[in-house]
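Tertiary structure, described
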4 protein chains.
Amino acid sequence: MTHLPEKLLDGYRNFMSGQFQAQTDRYKQLAREGQSPETLVIACCDSRAAPETIFDSGPGELFVVRNVANLVPPYAPDGEFHATSAALEFAVQALKVKNIVVMGHGRCGGIKAALDTEAAPLSPGDFIGRWMSLLSPATEAVVNNTMMTPVERQTSLERISIRYSLANLRTFPCVKILEDKGRLTLYGAWFDISTGELWVMNKETGDFERPEAL
Amino acid sequence: MTHLPEKLLDGYRNFMSGQFQAQTDRYKQLAREGQSPETLVIACCDSRAAPETIFDSGPGELFVVRNVANLVPPYAPDGEFHATSAALEFAVQALKVKNIVVMGHGRCGGIKAALDTEAAPLSPGDFIGRWMSLLSPATEAVVNNTMMTPVERQTSLERISIRYSLANLRTFPCVKILEDKGRLTLYGAWFDISTGELWVMNKETGDFERPEAL
Amino acid sequence: MTHLPEKLLDGYRNFMSGQFQAQTDRYKQLAREGQSPETLVIACCDSRAAPETIFDSGPGELFVVRNVANLVPPYAPDGEFHATSAALEFAVQALKVKNIVVMGHGRCGGIKAALDTEAAPLSPGDFIGRWMSLLSPATEAVVNNTMMTPVERQTSLERISIRYSLANLRTFPCVKILEDKGRLTLYGAWFDISTGELWVMNKETGDFERPEAL
Amino acid sequence: MTHLPEKLLDGYRNFMSGQFQAQTDRYKQLAREGQSPETLVIACCDSRAAPETIFDSGPGELFVVRNVANLVPPYAPDGEFHATSAALEFAVQALKVKNIVVMGHGRCGGIKAALDTEAAPLSPGDFIGRWMSLLSPATEAVVNNTMMTPVERQTSLERISIRYSLANLRTFPCVKILEDKGRLTLYGAWFDISTGELWVMNKETGDFERPEAL
């Protein structure tokens, strides 16, 4: 019996003989001194859009939250369990990151589910339905716009949702205060799986533009 | 004014000229056909333990949830927002992954916080405190064991928490049913940042062992 | 007194010593045999988006209608003067073109005017207001969507309006009949002035994609 | 299936590697700052007489209306849709062009249709017939003059129609007022496809003369 999928074990061996070999000291230092990443990335679980891959980042660089559709719920100190809010709090308050990047991507299954008004719940708990309903106000802005194609509605909501999550981030007192003090900066980005293009949100206008074009 | 940290833009340019260049067709195919990852990895947000790095995995391989301390809450269809449960549901029900790996790591800040009974809340919302309390039953098993060193308590809870999350995974009907049918397999792993060692959980005994030893 | 702006005269002299010199025979032939362009392009008057420039086309290739926002009104045999419908009829019935391309572009002043609900008429006749009202059903689809940025609303309407004009083209019996017979093909394209990118409408989906990506 | 005629795609690629490459900054500037063309050209749709080609003009130089036979209808604020009047209004009122050039050409199909009194309507809507009837008063001046050859009648009407359109331009209050103030100048020109000659209208006499002769 195997205790880990063979593919993962093979990959791990590549890591050991490759990146770990090359950065042994860096890993030892990170273990000794602890992590102090400058950036929190809130990304999607999607297997095609890993932040470490897209930003070619090494150990210790990115503190990464990944949930379906890279959503940030509004501040709600209600004593419930909040995976994303807890990670946000840890990154901002304990690690004191300087940047927060909300990174969305094209062809997002979560966004697709949010736009599919006739979809049946995936399970009795319907966790996905509930989770994506976080985005309802944004979803309503495009879901019934039949002048746009399905792909246009999807891309539009993917981008609206990034701005929406950035707005929710600012409902957290610790984020708002530090941003106002200039000690924390918020960013938005959208990754196109097909072309590999990274569209960066213009902070002035909210539009997504390609770095080449900036 | 910059719209993305320069370091990330530089990394992105490396990605484009490197991995994306090398795998353009793969990305195009993944965009066209959608993702069908075989494995869901539930990992920690820690900047030193990215699954794609440790498993040297390419685009489309891993569907990744990352929250503080790679926790899985018990099944709770209570209509609340559950980031992790939603991602789990999506991976299992919509993407039909074959494997779920709960991957912890050494020197986990979340586990450290769970063991620090005198720590003050990081924020009025105390999201981290609430989040880590998911682990209370496990925490109680070691937190007051003064016969263990702090490092031993930490490592012990890191591993207990992985088994605990695997147990919570099985409270989700969809996971339990598919596992019983042999269509879904659960795994545990623990990464040692300092040595780069990946300790894999022996499914028979629950012990964590090094692959070389398997 | 000058009878033509000096800049135009200079440009004309360049044309004579350049392109005309190089294509004298072609011009003579086109004069002798008459024109038989294969393509009708319905484009905008915008000074930054001339079809002959963007398609690098020579004499005799493109029959070009240019009005504000490259609109096609619906078929209306009401005995009024219809500049666009007349040109369409001439291209399809008399010249028997094989292709019709509706070409829009970014930053279109006409589309901007359509979205500016508070704009005052430019003149007592308010010809622009009336003209852009041709697009009302499409405009309503985005004008009040405040979740999109102004630029997103503009781009979205620019693209919707191309599909809308293509739909209006099909209200002309001569277009519908020839298209059904496979003797006439309709296309949509959108030009990005800033990047020079030409986004081509996918006839299956209506989405605009870059040729590189097709 | 192709989404744009291959010939146009090829031409576009030439444009990108040629003129756009050479004028990237100019296009970026035109996108950023918007267009401010000095000249409005009212030209014919004819594939052999593109203003940008004949005047060898670059991006941002000419705001171009193109309809059959480069006609300008008289001012008629009747609430109907007027493609040409709308473009005229936009060029003069919004863009504040300094020059308006009505450019005709030899062998014009629209003029030929106007002179062919026995021609059957091209379609039930007979849009061309209606459109060319705008020129009736001018047409009547030559259509029955059997002392002129067909070619003479054609060329004569082509030139009369340019003066006629210039007269109609002056029925638009905004044009009349600005011309009287010396802030707008009107011009006429006629292009000979066969010889490439541009005949410019002498504003004093109304005659068409070759620049070399001016």
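The rules behind the values
- Residues numbered from 1 in each chain as written.
- Chains lettered and ligands numbered in written order.
- Predicted model: local features only at pLDDT ≥ 70, side-chain atom pairs only at ≥ 80, totals over all residues.
- Heavy atoms only, no water.
- Contact = heavy atoms within 4.5 Å.
- Buried area = accessible area lost by both parts, 1.4 Å probe.
- Salt bridge = Lys/Arg side-chain N within 4 Å of Asp/Glu carboxyl O.
- Polar contact = N/O pair within 3.5 Å; in protein donor to acceptor, adjacent residues only side chain to side chain.
- Helix = DSSP H or I, 4+ residues; strand = E, 2+ residues; numbered from the N terminus.
- Nonpolar A, V, L, I, M, F, W, Y, C, P; charged D, E, K, R; others polar.
- Disulfide = S-S within 2.5 Å.
- Buried < 20%, exposed > 50% of the residue type's maximum accessible area, 1.4 Å probe, protein only.
- Arc of directions from axis to C-beta.
- Axes fitted to C-alpha atoms, helices over the stretch in contact; angles between N-to-C directions.
- Left-handed = near helix turned anticlockwise from the far one by under 90°.
- Pairing = 2+ DSSP bridges.
- Least-squares fit on C-alpha atoms with pLDDT ≥ 70 in both.
- Phe/Tyr/Trp six-rings, centres within 6.5 Å; stacked < 30°, edge-to-face > 60°.
- Domains from an automatic or database assignment.
- Core = buried A, V, L, I, M, F, W, Y, C linked by side-chain atoms within 4.5 Å.

Every contact between the two is made by 94 residues of chain B and, on the other side, 92 residues of chain A. For the pair chain B and chain A, the summed buried surface comes to about 8100 Å²; carbon and sulfur atoms form 66% of the total. Broken down residue by residue, the surface that chain B buries against chain A is led by H3(B), F81(B) and F127(B), which jointly contribute 10%. At the junction of chain B and chain A, the tally comes to four salt bridges. A salt bridge links E52(A) to R66(B); the shortest N-O distance between them is 2.7 Å. Between chain B and chain A we count 35 residue pairs in polar contact (both at pLDDT 80 or more) in total. Ranked by residues supplied to the side of chain B that touches chain A, first place goes to helix α1 (residues 6-22) of chain B with ten residues. Of the residues assigned to the side of chain B that touches chain A, the class counts are 49 nonpolar, 28 polar and 17 charged.

Before going further, it helps to spend a moment on the state of the cysteines. Taken as a whole and judged by the stated rule, the model has zero disulfides over all chains. Of the cysteine sulfurs around C44(A), a residue in no disulfide, the closest is that of C108(A), at 4.1 Å.

This part covers the environment of A69(B). Residues and elements named next belong to chain B. Position of A69 relative to the elements: it lies in the loop between β2 (62-67) and α4 (83-94). Under the relative-accessibility criterion, A69 is labelled buried at 1%. It is 18 Å that separates the C-alpha atoms of A69 and S194, two residues lying 125 residues apart in sequence. Sequence-distant contacts of A69, that is, excluding residues within four places in its chain, are made with C44, C108, I111 and M132.

Note: α-helices contain 3.6 residues per turn, so residues at a spacing of three or four share the same orientation. All names here are of chain C. For helix α9 (residues 173-180), the full list of buried residues reads C174, V175 and L178. Down the axis of α9, the smallest arc covering the buried residues is 100 degrees, so these residues share one side. Against the buried residues of α9 lie α4 (83-94), β3 (99-105), α8 (150-169) and β4 (185-191). Following α9 by one or two positions, G182 adopts a phi angle in the positive range, close to 75 degrees.

Residue and element names in this part refer to chain B. Phi is positive for N70, which is not a glycine, with a value near 40 degrees. Looking at the element boundaries, N70 is found in the loop between β2 and α4. The exposure class assigned to N70 is buried, which follows from its relative accessible area of 3%.

Another aspect to go through is the packing of helix α4 (residues 83-94) of chain A against helix α9 (residues 173-180) of chain A. Residue and element names in this part refer to chain A. Between α4 and α9, whose axes approach to 10 Å, the crossing angle comes to 35 degrees. For the pair α4 and α9, the sense of crossing is left-handed. On α9, the residues that touch L88, V92 and Q93 of α4 are C174, V175 and L178. Here the contact of α4 with α9 is built from residues that sort into five nonpolar, one polar and no charged.

Moving on to the pairing of strand β4 (residues 185-191) of chain D. Remember that side chains alternate between the two faces of the sheet whenever the strand is regular. All names here are of chain D. Where burial is concerned, most of β4 is hidden: six out of the seven residues are buried. Where strand β3 (residues 99-105) lies against β4, seven bridges are found, and the strand directions are parallel. Directly across from I100, in β4, lies its bridge partner L186. As defined by bridge partners, β4 adjoins strand β5 (residues 198-201) across three bridges and the pair is classed as antiparallel. When the sheet's bridge partners are listed, A189 is paired in β5 with V200. What sits between β4 and β5 in their antiparallel hairpin is a turn of six residues, with G196 showing a positive phi close to 80 degrees.

This part covers the environment of F63(B). Residue and element names in this part refer to chain B. Along the chain, F63 turns up in strand β2. Judged by relative accessible area, which is 2%, F63 ranks as buried. Placed 19 residues apart in sequence, F63 and C44 show a C-alpha to C-alpha distance of 14 Å.

Listing the buried residues of helix α2 (residues 24-33) of chain D in full gives Y27(D), L30(D) and A31(D). Projected down its long axis, α2(D) carries its buried residues within an arc of 100 degrees, all on one side. Turned more than 90 degrees from where α2(D) packs its buried face, D25(D), R32(D) and E33(D) sit exposed. Check the buried side of α2(D) and you find it contacts α3 (51-54) and β4 of chain C together with α1 (6-22) of chain D. Of the residues flanking the end of α2(D), it is G34(D), one or two places downstream, whose phi is positive at about 85 degrees.

For the rest of this paragraph, the subject is the relation of the copies chain C and chain A. The two chain copies are related to each other by a rotation about an axis together with a translation along it. Mapping chain C onto chain A calls for a screw motion: a turn of 180 degrees about the axis and a shift of 0.0 Å along it, with 0.0 Å RMSD after fitting. When the rotation and shift are considered jointly, the pair of chain copies conforms to a two-fold rotation axis. Here 96% of the interface residues in chain C have copies in chain A that are interface residues too; the copies meet face to matching face.

Structural alignment of chain B on chain A gives an RMSD of 0.1 Å, achieved by rotating through 180 degrees and translating 0.0 Å along the axis. A share of 98% of interface residues in chain B that are also interface residues in chain A marks the association as one of identical surfaces.

Inspection of every chain in the model, using the stated rule, returns 44 salt bridges over all chains. For R210(C), the salt bridge is made with E197(A), and the minimal N-O distance between the two is 2.6 Å. Of this pair, R210(C) sits in the segment after β6 (208-209) while E197(A) sits in the loop between β4 (185-191) and β5 (198-201), each in a different chain. Residue R210(C) shares its accessibility class with E197(A), and that shared class is buried. In this structure, a network of salt bridges that share partners links the residues E197(A), R210(A), E197(C) and R210(C).

All right, on to the interface of chain C and chain A then. Interface size is commonly expressed as the accessible surface area that is lost when the partners come together. Taken residue by residue, the interface counts 23 residues in chain C and 23 residues in chain A. For the pair chain C and chain A, the summed buried surface comes to about 1600 Å²; carbon and sulfur atoms form 51% of the total. The largest share of the area that chain C buries against chain A comes from M147(C), E152(C) and D207(C), three residues that together contribute 32% of it. Joining chain C to chain A, the criterion identifies four salt bridges. As a salt-bridge pair, E152(C) and R163(A) come within 2.5 Å of each other at their nearest N and O atoms.

This part covers the packing of aromatic side chains. Inspection of the entire model under this criterion finds 44 aromatic pairs over all chains. Summarising the aromatic geometry, the rings of Y27(C) and F191(D) are spaced 6.3 Å apart at their centres and angled 80 degrees between planes, so their arrangement reads as edge-to-face. Placement of the pair is Y27(C) in helix α2 (residues 24-33) and F191(D) in strand β4, with the two residues belonging to separate chains. According to the relative accessible area criterion, Y27(C) is buried, its value standing at 1%.

The two partners chain B and chain C share no contact, and the minimum distance between any of their C-alpha atoms is 9 Å. Contact between chain A and chain D is absent, and the minimum C-alpha spacing across the pair is 9 Å.

So, on to the domain arrangement of chain A. Residues and elements named next belong to chain A. Examined at the domain level, chain A breaks down into domain 1 (1-33) and domain 2 (35-209). Look at where the C-alpha atoms of domain 1 and domain 2 centre, and you get two points 29 Å apart. Tallying the contact residues gives six residues for domain 1 and four residues for domain 2. Carbon and sulfur atoms make up 57% of the area that domain 1 and domain 2 hide from each other, which totals about 360 Å². The interface formed by domain 1 and domain 2 holds one residue pair in polar contact (both at pLDDT 80 or more) in total. Top contributing element to the side of domain 1 that touches domain 2 by residue count: helix α2 (residues 24-33), with four residues. Per-class residue counts for the side of domain 1 that touches domain 2 are two nonpolar, two polar and two charged.

Turning next to the nonpolar core. Core analysis: the biggest nonpolar cluster contains 198 residues, and I100(A), I100(B), I100(C) and I100(D) have the highest contact counts within it. With residues up to four places along the chain from it excluded, the contact list for I100(C) reads L40(C), I42(C), L88(C), V92(C), L169(C), V175(C), L184(C), T185(C), L186(C) and Y187(C). With 24 residues, the next largest nonpolar core counts A43(A), A49(A), L62(A) and F20(B) among its residues.

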